[in-house]
Amino acid sequence: MRNAFADEITALAAADPRIVLLSGDIGNRLFDRFKAQFPDRFYNVGVAEANMIGIAAGLALGGMKPVTYTIASFAVYRCYEQIRVDLCYHNLPVVMVGTGSGLAYAANGPTHHSCEDLAVLRALPNMTVACPGDAWELRGLLRDAFQQSGPVYLRIGKKGEPQVYPSLPEVRLGTASVLRTGRDVALLSTGTLLPEALLAADALREHGIAVEVVSLHTVKPLDEALLMRVFRDFPLVVTLEEHGRAGGLGGAIAEWCSDQNPLRARLLRLGTPDQFLHEAGEQEHAREVCGLTGPQIAASIRTRLTSIE
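Treat the numbers as computed from the prediction; the structure is a model and nothing was measured.

**Examining the nonpolar core**
Piece 1. Ile 83, Met 127, Leu 188, Leu 216, Leu 227, Phe 231 and Ile 253 are the most contacted members of the largest nonpolar core, which has 44 residues in total.
Piece 2. For this core, the secondary structure elements donating two or more residues are strand E1 (19-23), helix H3 (49-61), helix H4 (72-77), helix H5 (80-88), helix H6 (117-122), strand E8 (185-189), helix H9 (224-233) and helix H10 (249-258).
Piece 3. The residues touching Ile 83, leaving out its near neighbours within four places in the chain, are Ile 53, Ala 75, Val 76, Cys 88, Met 96, Leu 121, Leu 124 and Met 127.

**A closer look at the sheet that holds strand E5 (residues 128-130)**
Piece 1. With respect to topology, seven strands assemble into an open sheet ordered E2-E1-E3-E4-E6-E5-E10, the strand pairing being mixed. Two strands close off the open sheet at either side, each with one partner strand: strand E2 (42-44) and strand E10 (218-220). When the angles between neighbouring strand axes are averaged without regard to direction, this sheet yields 20 degrees.
Piece 2. Pairing of E5 with strand E6 (residues 152-155), which is carried by three bridges, proceeds in the parallel orientation. Within E6, the residue paired with Ala 130 across the bridge is Leu 154.

**Quick word on the pairing of E8**
Piece 1. Burial runs high along E8: five of the five residues are buried.
Piece 2. Burial of the side chains of E8 extends over both faces: Val 185, Leu 187 and Ser 189 are buried on one face and Ala 186 and Leu 188 on the other.
Piece 3. Pairing geometry for E8 and strand E9 (residues 211-215), over five bridges, is parallel. In the strand pairing of E9, Leu 187 is matched with Val 213.
Piece 4. In this view, the connection linking E8 to its parallel neighbour E9 by way of helix H8 (residues 194-205) has right-handed handedness.
Piece 5. Sheet topology note: the E8/strand E11 (residues 236-244) ladder contains five bridges and is parallel. Residue pairing across strands places Ser 189 opposite Leu 240, the latter belonging to E11.

**What about empty space enclosed by the protein?**
Piece 1. Tallied over the entire structure, the rule returns one cavity of 30 Å³ or more.
Piece 2. Quantified by volume, the largest cavity comes out at close to 40 Å³.
Piece 3. Along its surface, the largest cavity is lined by Ser 101, Gly 102, Arg 155, Thr 190, Gly 191, Thr 192, Leu 193, Glu 241 and Glu 242.
Piece 4. When its residues are assigned to classes, the lining of the largest cavity shows one nonpolar, five polar and three charged.

**A short note on the packing of helix H1 (residues 2-15) against helix H7 (residues 135-145)**
Piece 1. Direction vectors running N to C along H1 and H7 enclose 30 degrees, while the axes themselves pass 10 Å from each other. Viewed along their axes, H1 and H7 adopt a mutual orientation that is roughly parallel. For the crossing formed where H1 meets H7, the hand is right-handed. Two secondary-structure elements touch here, H1 through Ala 4, Phe 5, Asp 7, Glu 8, Ile 9 and Leu 12 and H7 through Ala 135, Leu 138, Arg 139, Leu 142 and Arg 143.
Piece 2. Each residue belonging to the contact of H1 with H7 can be placed in one class, and the counts come to seven nonpolar, no polar and four charged.

**Digging into H7**
Piece 1. Among the 11 residues that make up H7, nine are buried, leaving the element largely enclosed by the rest of the structure.
Piece 2. Taken residue by residue, H7 has Ala 135, Glu 137, Leu 138, Arg 139, Gly 140, Leu 141, Leu 142, Asp 144 and Ala 145 as its buried positions.
Piece 3. Where H7 is buried, its residues meet H1, strand E4 (95-99), E5, E6, strand E7 (177-180) and E9.
Piece 4. Looking at where H7 begins, the residue whose side-chain oxygen comes 3.1 Å from the main-chain nitrogen of Trp 136 is Asp 134.

**Thoughts on the state of the cysteines**
Piece 1. Here the structure, examined in full by the defined rule, presents zero disulfides.
Piece 2. The structure places no disulfide on Cys 79, whose sulfur is separated from the nearest cysteine sulfur, that of Cys 88, by 11 Å.
Piece 3. The exposure class assigned to Cys 79 is buried, which follows from its relative accessible area of 1%.

**What to know about the pattern of salt bridges**
Piece 1. Overall, the coordinates contain 16 salt bridges when judged by the stated rule.
Piece 2. We note a salt bridge from Glu 255 to Arg 122, for which the minimum N-O separation is 2.8 Å. In this pair, Glu 255 sits in helix H10 while Arg 122 sits in helix H6, placing the two residues 133 residues apart along the sequence.
Piece 3. For Arg 122, a relative accessible area of 15% gives the class buried.
Piece 4. Two residues, Arg 180 and Asp 202, come together in a salt bridge whose shortest N-O distance is 2.6 Å.

**Thoughts on the layout of surface pockets**
Piece 1. Estimates place the volume of the largest pocket at around 430 Å³.
Piece 2. For the lining of the largest pocket, the secondary-structure elements that each account for two or more residues are H4 and E11.
Piece 3. Top element by residues in the lining of the largest pocket is H4. It accounts for three residues.
Piece 4. Looking at the second largest pocket, its volume works out to about 330 Å³.
Piece 5. Broken down by element, the residue count for the lining of the second largest pocket peaks at three residues, all from helix H11 (residues 283-289).
Piece 6. Considering only residue class, the lining of the second largest pocket consists of three nonpolar, five polar and seven charged.

Reading the values: rules and limits
Residues numbered from 1 in each chain as written. Predicted model: local features only at pLDDT ≥ 70, side-chain atom pairs only at ≥ 80, totals over all residues. Heavy atoms only, no water. Core = buried A, V, L, I, M, F, W, Y, C linked by side-chain atoms within 4.5 Å. Buried < 20%, exposed > 50% of the residue type's maximum accessible area, 1.4 Å probe, protein only. Helix = DSSP H or I, 4+ residues; strand = E, 2+ residues; numbered from the N terminus. Contact = heavy atoms within 4.5 Å. Pairing = 2+ DSSP bridges. Axes fitted to C-alpha atoms, helices over the stretch in contact; angles between N-to-C directions. Right-handed = clockwise from strand over helix to strand, strands pointing away. 1 Å grid on protein atoms, 1.4 Å probe; cavity = no way out; pocket = protein on both sides within 12 Å on 5 of 7 lines; lining within 4 Å. Points joined across faces, edges and corners; volume = space filled by probe spheres on them. Nonpolar A, V, L, I, M, F, W, Y, C, P; charged D, E, K, R; others polar. Parallel < 35°, antiparallel > 145°, perpendicular 65-115°, else oblique. Left-handed = near helix turned anticlockwise from the far one by under 90°. Polar contact = N/O pair within 3.5 Å; in protein donor to acceptor, adjacent residues only side chain to side chain. Disulfide = S-S within 2.5 Å. Salt bridge = Lys/Arg side-chain N within 4 Å of Asp/Glu carboxyl O.

Keep in mind these numbers describe shape, not what the thing actually does.
Structure, rendered in structure tokens:
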């Protein structure tokens, strides 16, 4: 995903001289093309993420379109006050890109895990929060992020994520994308677990269970029309995220459900447990520990279906 971001932001900057890219001591070679073409519009602020947000706010007040880029855990946790006061309070059009989200940097330990970022950012007024499912969806959402009047957080993967879309889709922030239709389960995935959602749907199909797979890439604002439909038409709605079950996509939808009249569907939330991961290993291992591989997702859904029949 990060390569797709570098390519797309370079193309967008060529078309809009107001776009400025700020990096928190990361991605120097990744942005070689951007720096070569726009040397006056790239700033490496060093290991000073909070300062990066302040600089971005000043640039936005000056009429520019700033984009900040660093590892997701550093992009959010180190500078939450600056995000809240400098960006959200003034409702400034700054695009924050957090790379290596969720457990992508699992081998680096909990300092690099970002399993609470959705929860803390979606609590902020004016903030839009989105998690592309693949590189193509990232490109589309990045384009739409520049059409927003306030701050946007794009939570992206690292590298090597499978492609889901064959080409650039028509995606918009706040509007979910249905990738497969079904009748028995609605599986709402956000972020880089989208390929695992499709693997789970394949596994469930072998048991005669038809799964509708949705890329609910925008965690805030939610696609309420889509939610109303799936909770009306399906016996089970499942949320899937590489994020804690508390406060992320599943938490947001649970809150939404509590404000509605009685709904038909039951809700199953799949995500990381409410604890830090102390085991060492790469992202694939971390996902298996958390029960977030395709076969494990399918097994969890079958178990819940059995309990509500």
